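Fold and contact review
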Amino acid sequence: MKYLLVATTWHLLAVGLLLRVGSSAEPLIEVHLQGDHITGTPLHWSAKRVTMLTANGVRRDFSPNMVQRFGRLAGELVASTQQQVWQHLRGEFGTPFSIKATKHYLVVYPADRVDRWSSLLENLYSDFHGFFQSHRHALPRTRFPLVVIVLPNREALLQTAALSGHADPRKIAGYYCDRSNRIWIYAPPSNSRQLPLSDHITLRHEATHQLAFNTGIHERFGTTPRWLAEGLAMFFEMPQQPASLRTRDSQSESALRQTAFLNRGDSPRGRNVPLKLLITDDSLFQQSPELAYAQSASLTRFLIRTHPAGYVGYLKHVATRPRFTFYAARTRQTDFSSCFPGNMARLESQWRAFSNTPR
Ligand SMILES: [Zn+2]
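Keep in mind it's a predicted model, so treat the numbers as computed, not measured. Sequence positions are assigned chain by chain, starting from 1 and proceeding in written order. The predicted nature of this model means local features are confined to residues of pLDDT at least 70 and side-chain atom pairs, given and counted, to a pLDDT of 80 or more, with totals for whole chains, interfaces and linings taken over all residues. To obtain the side-chain values, all non-hydrogen atoms of the structure were used and water was disregarded.

Let's talk about the sheet that holds strand β9 (residues 175-177)
With mixed pairing, the five strands of this open sheet are ordered in space as β6-β7-β8-β10-β9. Strands at the two margins of the open sheet, each flanked by one partner only, are β6 (97-101) and β9. The mean inter-strand angle of the sheet, taken between neighbouring strand axes irrespective of direction, is 20°. What makes two residues a contact is simply this: any of their non-hydrogen atoms within 4.5 Å. Where helices are involved, their axes are fitted lines through C-alpha atoms of the stretch in contact, as for all axes, and angles between N-to-C directions lie from 0 to 180°. Secondary structure elements are defined from DSSP: runs of H or I of at least 4 residues count as helices, runs of E of at least 2 residues count as strands, and each element is numbered from the N terminus. Against the sheet, helix α4 (residues 154-163) touches β8 (146-151), β9 and β10 (182-186), its axis set at about 145° to β10. The rule for pairing is simple: two strands pair if DSSP sees at least two bridges between them.

What follows is the structure, encoded as structure tokens:
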């Protein structure tokens with residue numbers, strides 16, 4: 001391999017390199033950093049940050065200043081096989097963990113426990129694909145093996161979350177990490193065959209995020225409005241019945257209390273967020289998370305139930321926005337309005353009436 005680079009001009013040279021291999025959609029390169037090296041395809045580069053995607057589906061970000069040298073390899077990025085990812089996980093986690101392989105998932109879990117996760121994940125996979133199939137939006141197979149890591153206890157999860165810079169890990173029961181493309185959860189203390197409902201809900205919630213970002217429902221390297229991602233995850237999180245039948249408000253409200261936030265304060269019941277604010281401003285999830293989650297779930301149910309084609313069209317529209325771009329509030333509002341034409345105030349009043357009607 002011929003190395004091509006002076007580190008400080010990485011991004012300019014990378015652009016030139018990619019122009020020369022313009023016929024290749026995902027050119028394969030190898031980058032040597034200080035104490036590390038990465039093989040993958042460049043997704044984005046600037047003077048401040050370079051982003052690459054590896055064959056395991058992991059996103060890597062680094063400063064151009066860290067690059068010592070890089071060069072192009074033959075061929076394009078080819079996703080690792082399940083066996084290759086399995087071997088990587090075996091080396092990473094060692095004998096304290098078992099690994100269960102299913103059709104789409106690799107589940108790493110403590111070796112002293114029984115596997116209670118893999119069949120539930122495949123159920124969710126079928127549920128998710130079936131829902132979109134029934135709404136005339138057939139989804140592709142996932143490109144990378146879907147990895148789920150089950151840690152032995154909650155303390156281990158909180159440590160991992162803190163190390164990966166997850167915001168306020170004290171509140172989480174599990175999370176999907178879009179950089180590693182993995183779900184991180186923890187095993188409940190009991191070793192009964194059946195997973196407790198709250199753990200099952202968390203699993204489905206996070207697995208919905210993972211599926212959405214791995215099937216193109218959301219663009220993994222773009223900006224997805226928070227209400228859209230969380231509303232969809234909550235729509236699928238209850239396990240008892242197919243998502244296409246799930247519209248009762250009470251179900252998702254009870255689920256809400258058990259999933260993303262364990263330390264619950266005031267109840268969101270009876271409080272409303274203006275539609276325009278919810279769809280244009282993600283900061284509500286920092287300021288008033290319970291309310292933001294509840295209203296996102298409610299709006300999602302309303303739109304799927306009453307405007308299913310518009311909702312799916314809106315998902316597609318948002319997912320085709322350019323990667324690595326800011327999504328301004330005004331554009332968010334314009335995009336939303338273009339998919340749900342008509343008077344926004346009327347749509348909002350229909351939503352309120354829907355959410356106040358017992359079903
Ligand atoms: Zn979520």
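A closer look at the pattern of salt bridges
Salt-bridge detection follows one rule: a side-chain nitrogen of Lys or Arg within 4 Å of a carboxyl oxygen of Asp or Glu. Evaluated as defined, the whole model comprises twelve salt bridges. For Arg 59, the salt bridge is made with Asp 61, and the minimal N-O distance between the two is 2.8 Å. Through salt bridges with shared partners, a single ionic network connects Arg 49, Arg 59, Asp 61 and Arg 179.

Description of the coordination of the zinc ion
For the zinc ion, the protein coordination sphere consists of His 205 (NE2), His 209 (NE2) and Glu 230 (OE), at 2.0 to 2.1 Å. Distances decide who is a donor: an N, O or S atom must be within 2.8 Å of the metal, or within 3.2 Å for Na, K and Ca. Water is not included, so sites may look incomplete. Counting gaps between the donor residues of the zinc ion yields the pattern H-x3-H-x20-E. Of this pair, His 209 sits in helix α5 (residues 197-214) while Glu 230 is found in helix α6 (residues 226-236), placing the two residues 21 residues apart along the sequence. You'll find His 209 and Glu 230 in the same group, each marked buried. For the exposure calls, accessible area comes from a 1.4 Å probe over protein chains only, and a residue counts as buried if that area is under 20% of its type's maximum, exposed if over 50%, partly exposed in between.

Thoughts on the sheet that holds strand β2 (residues 36-45)
Reading across the sheet, the five strands line up as β4-β3-β2-β1-β5 and stay open at both edges, with antiparallel pairing between neighbours. Only two strands of the sheet have a single partner each, and these edge strands are β4 (59-62) and β5 (67-76). Ignoring strand direction, the axes of neighbouring strands in this sheet form an average angle of 40°. One ladder, built from four bridges, connects strand β3 (residues 50-53) with β4; its direction is antiparallel. Bridge pairing links Thr 51 to Asp 61 in β4.

Concerning the pairing of β3
Side-chain alternation along β3 places Val 50 and Met 52 on one buried face and Thr 51 and Leu 53 on a second face that is also buried. Sheet topology note: the β2/β3 ladder contains four bridges and is antiparallel. Across the sheet, the residue bridging to Thr 41 is Leu 53, located in β3. Between β2 and β3, which pair antiparallel one after the other, the connecting turn spans four residues. Count of turn residues in the β3/β4 antiparallel hairpin: five residues, of which Gly 57 carries a positive phi of about 85°.

As for the pairing of strand β1 (residues 27-33)
Consecutive side chains along a regular strand alternate between the two faces of the sheet. The element β1 is largely enclosed, with a buried count of seven among its seven residues. Taking every second residue as pointing to the same face, both faces of β1 are buried, with Pro 27, Ile 29, Val 31 and Leu 33 on one and Leu 28, Glu 30 and His 32 on the other. Inspection of the sheet shows β1 paired to β5 by six bridges, in the antiparallel sense. Each bridged residue has a counterpart across the sheet, and for Ile 29 the counterpart in β5 is Arg 72.

A few points about the nonpolar core
Here the nonpolar core consists of buried residues drawn from Ala, Val, Leu, Ile, Met, Phe, Trp, Tyr and Cys, with membership extended through side-chain atoms lying within 4.5 Å. Membership of the largest hydrophobic core comes to 58 residues, with the highest contact counts inside it found for Trp 117, Phe 128, Phe 132, Val 148, Trp 227, Leu 299 and Phe 336. Take this core: its biggest share by element is eight residues, from helix α10 (residues 289-306). Residue contributions to this core reach at least three from each of two domains, namely domain 2 (82-214) and domain 3 (226-356). Not counting chain neighbours up to four residues away, the residues in contact with Phe 132 comprise His 137, Ala 138, Leu 139, Ile 217, Leu 232, Phe 236 and Leu 315. Counting 18 residues, the second largest nonpolar core, distinct from the first, contains Leu 89, Ile 99, Leu 157 and Trp 184. Domain limits in this description derive from either an automatic procedure or a database domain assignment.

Digging into α10
Take the residue count of a helix, subtract one, and multiply by 1.5 Å to get its expected span. Look at α10: 26 Å from first C-alpha to last across 18 residues, which is about the 26 Å you get at 1.5 Å a residue. Across the 18 residues of α10, 16 count as buried, placing the element largely inside the fold.

Quick look at the packing of helix α3 (residues 118-134) against α5
Two elements in contact, α3 and α5, have axes separated by 10 Å at closest approach and are oriented at 50°. One way to sum up the angle between α3 and α5 is to call them oblique. Helix-helix and strand crossings are classified by hand; for α3 and α5 the assignment is right-handed. Taking contact as the criterion, the partners of Leu 120, Leu 121, Leu 124, Tyr 125, Asp 127, Phe 128 and His 129 in α3 are, on α5, His 200, Leu 203, Arg 204, Ala 207, Thr 208, Leu 211 and Ala 212. Its residues assigned to classes, the contact of α3 with α5 comprises nine nonpolar, three polar and two charged. In what follows, roughly perpendicular refers to angles from 65 to 115 degrees, roughly parallel to angles under 35, roughly antiparallel to angles over 145, and oblique to any angle outside these ranges. Definitions for this section: a left-handed crossing has its near helix turned counterclockwise from the far helix by less than a right angle. A right-handed crossing has that turn clockwise. Amino acids outside the nonpolar list (Ala, Val, Leu, Ile, Met, Phe, Trp, Tyr, Cys, Pro) and the charged list (Asp, Glu, Lys, Arg) are all regarded as polar, and Gly is one of them.

Examining the packing of aromatic side chains
Only the six-membered ring of Trp is used, alongside the rings of Phe and Tyr, when aromatic pairs are assigned; centres must lie within 6.5 Å, and planes under 30 degrees apart are stacked while those over 60 apart are edge-to-face, with the rest tilted. Within this structure, the stated rule accounts for 19 aromatic pairs. Arranged with centres 5.9 Å apart and planes meeting at 15°, the rings of Tyr 176 and Phe 213 form a pair that is stacked. With Tyr 176 in strand β9 and Phe 213 in helix α5, the pair connects residues that are 37 residues apart, well separated along the chain. Judged on exposure class, the residue Tyr 176 and its partner Phe 213 are both buried. Taking 5.5 Å as the distance between ring centres and 85° as the angle between the ring planes, the aromatic pair formed by Phe 235 and Phe 236 counts as edge-to-face. For Phe 235, a relative accessible area of 4% gives the class buried. What links up through ring pairs into an aromatic cluster is the set Phe 128, Phe 131, Phe 132, Phe 235 and Phe 236. The ring of Tyr 327 has Arg 321 lying over it, and the distance from NZ or CZ to the ring centre is 3.8 Å. In our convention, an over-ring charge means Lys NZ or Arg CZ found within 6 Å of a ring centre and within 35 degrees of that ring's normal. Between the NZ or CZ atom of Arg 352 and the centre of the ring of Trp 351, over which it lies, the distance is 3.8 Å.

Shape descriptors only; they carry no functional weight alone.
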